[in-house]
Amino acid sequence: MDAVAETASLFTSMRNPKVLLALGPAAVRGLLLHRGKRGRATEVPAHHVARFDWSYPDDHPEMRALYERAKRSQWNAATDLPWQISVDPLDPTVPLVPDDFLDRETAIRCGISLDAAAHRRLTADFASWALSQFLHGEQGALYAAAQVTESVQFFDGKLYGSTQVVDEGRHVEVFHRYLTEKLQKLYAVNDNLYVILDALLRDSRWDMKFLGMQIMIEGLALGAFGVIYQQTKEPLLKALLRGVMRDEVRHVHYGVLALRDHIAQLSERERREREEWALEVAILLKNRFLAYEVYDEWFAGSRVSRKQWRTFVDLAPGMRRFRHIMFHRLIPNLREIGLLTPQVRPRYEQAGLSKYFEGPAAHEITEDRLFADLEADRRPVGADSD
Ligand SMILES: [Fe+2]
Ligand SMILES: [Fe+2]
């Protein structure tokens, strides 16, 4: 019942009928029909248009520069990462994520009692769950990058896009190998993540795919990768995330380049629709990425309710840190592409996100700056999060 009520609250929260139309059917497929969890494969029809350009123009110098940078930055995940390292997710001396990521005191306060060994196993499972969602997100990114490469109107964007397809393939490779070879545990796709992937892969408009994948999901990925990169003591995972994040910085940069010019020339009605779509997805990411797959495995049918679990995950220091880094990356990019006007700012304020309005956008963030920020930004969790 709790799950159905939660789905209903998603529908009633959407104020723009066009946004409801764009996200609603995907929400039914993901949250009620659990399409991402029915069997081995899910077929998602596409409706976009492939665009040929027989004149092969040099039409976007910044995208061309990004293409050159991407070619120079290619790496081989099979030979460039230290796969010989053995990983024990329960070894307390080399934690995947720190003990206080989902801290025991918060669990107890939420009525979830765990002894030390169970808490360690739960934390390891949670790390596997998060990495599994990264893997599923990367699979979506691979297909979205391929679709966008077909349909984008900039020829230099198509050349750049070809490198992103390779990058996303490599990301699928590394997360899948890490999960199956090192952690030996792979979780199903989270229903809320499925909703976003389903909605944007079906959408016929290339800019919605861009917005969904290059800005929203990549923002989520940079936030999640960043927080685990900052906190893990496991050297293979750290090296793997570093390699992936270096690629993702280019992907978000590309999204901002393509959307900034495009959104500026949309009608006000079209721009508003995108602005509100982005707001709904941001709130979906903030409130709903709550690891119910772990709850189902550990607590379904027990005295621990979904509501208790939700409060626990919501308050846990690692999740607060994750939301902080994610929105710190995401919201300035929305501003940069023209989707954070005074019309939606009050709703971001209501969601407690106004402190991110003035941060640096993707084109101001180099790989070096990203890692320097992550190293420097190690203040205690909770001081500024949420
Ligand atoms: Fe990726
Ligand atoms: Fe990416």
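These remarks concern the structure in this document. (Residues numbered from 1 in each chain as written. Chains lettered and ligands numbered in written order. Predicted model: local features only at pLDDT ≥ 70, side-chain atom pairs only at ≥ 80, totals over all residues.)

We now examine the nonpolar core. As a rule of thumb, nonpolar side chains are buried together in soluble globular proteins. If you look at the biggest cluster of nonpolar residues, it comprises 102 residues, and the most contacted ones within it are Ile 196, Met 216, Ala 224 and Ala 278. Here the element with the most residues in this core is helix α9 (residues 206-231); it accounts for 15 residues. Those residues within four positions of Ala 278 in sequence are excluded, and the remaining contacts are Leu 211, Met 216, Leu 334 and Leu 339. (Core = buried A, V, L, I, M, F, W, Y, C linked by C-beta atoms within 7 Å. Buried ≥ 20, exposed ≤ 12 C-beta atoms within 10 Å, placed from the backbone. Helix = DSSP H or I, 4+ residues; strand = E, 2+ residues; numbered from the N terminus. Contact = placed C-beta atoms within 7 Å.)

All right, on to α9 then. In this model, α9 (26 residues) spans 36 Å end to end at C-alpha, consistent with the 38 Å of a helix rising 1.5 Å per residue. Helix geometry: α9 is bent most strongly at Glu 218, by close to 30°. The buried count for α9 comes to 24 of 26 residues, which makes it a mostly enclosed element. (Expected span 1.5 Å × (residues − 1). Bend = angle between axes of the 7 residues up to and from the residue.)

Looking now at the packing of helix α6 (residues 116-151) against helix α7 (residues 155-183). At their nearest, the axes of α6 and α7 sit 8 Å apart, and the two run at 160° to each other. The angle between α6 and α7 places the two elements in the roughly antiparallel class. The two elements α6 and α7 meet at a crossing, and its hand is left-handed. Split into classes, the residues belonging to the contact of α6 with α7 amount to 14 nonpolar, 10 polar and three charged. (Axes fitted to C-alpha atoms, helices over the stretch in contact; angles between N-to-C directions. Parallel < 35°, antiparallel > 145°, perpendicular 65-115°, else oblique. Left-handed = near helix turned anticlockwise from the far one by under 90°. Nonpolar A, V, L, I, M, F, W, Y, C, P; charged D, E, K, R; others polar.)

Below, the discussion takes up the environment of Val 252. Relative to the helices and strands, Val 252 is located in helix α10 (residues 235-264). Since 24 C-beta atoms lie within 10 Å of it, Val 252 is described here as buried. Sequence separation between Val 252 and Met 213 is 39 residues; the distance between their C-alpha atoms is 8.9 Å. Filtering out sequence-adjacent residues up to four positions away, Val 252 remains in contact with Gln 214, Ile 215, Glu 218, Gly 219, Leu 222, Asn 333 and Ala 362.

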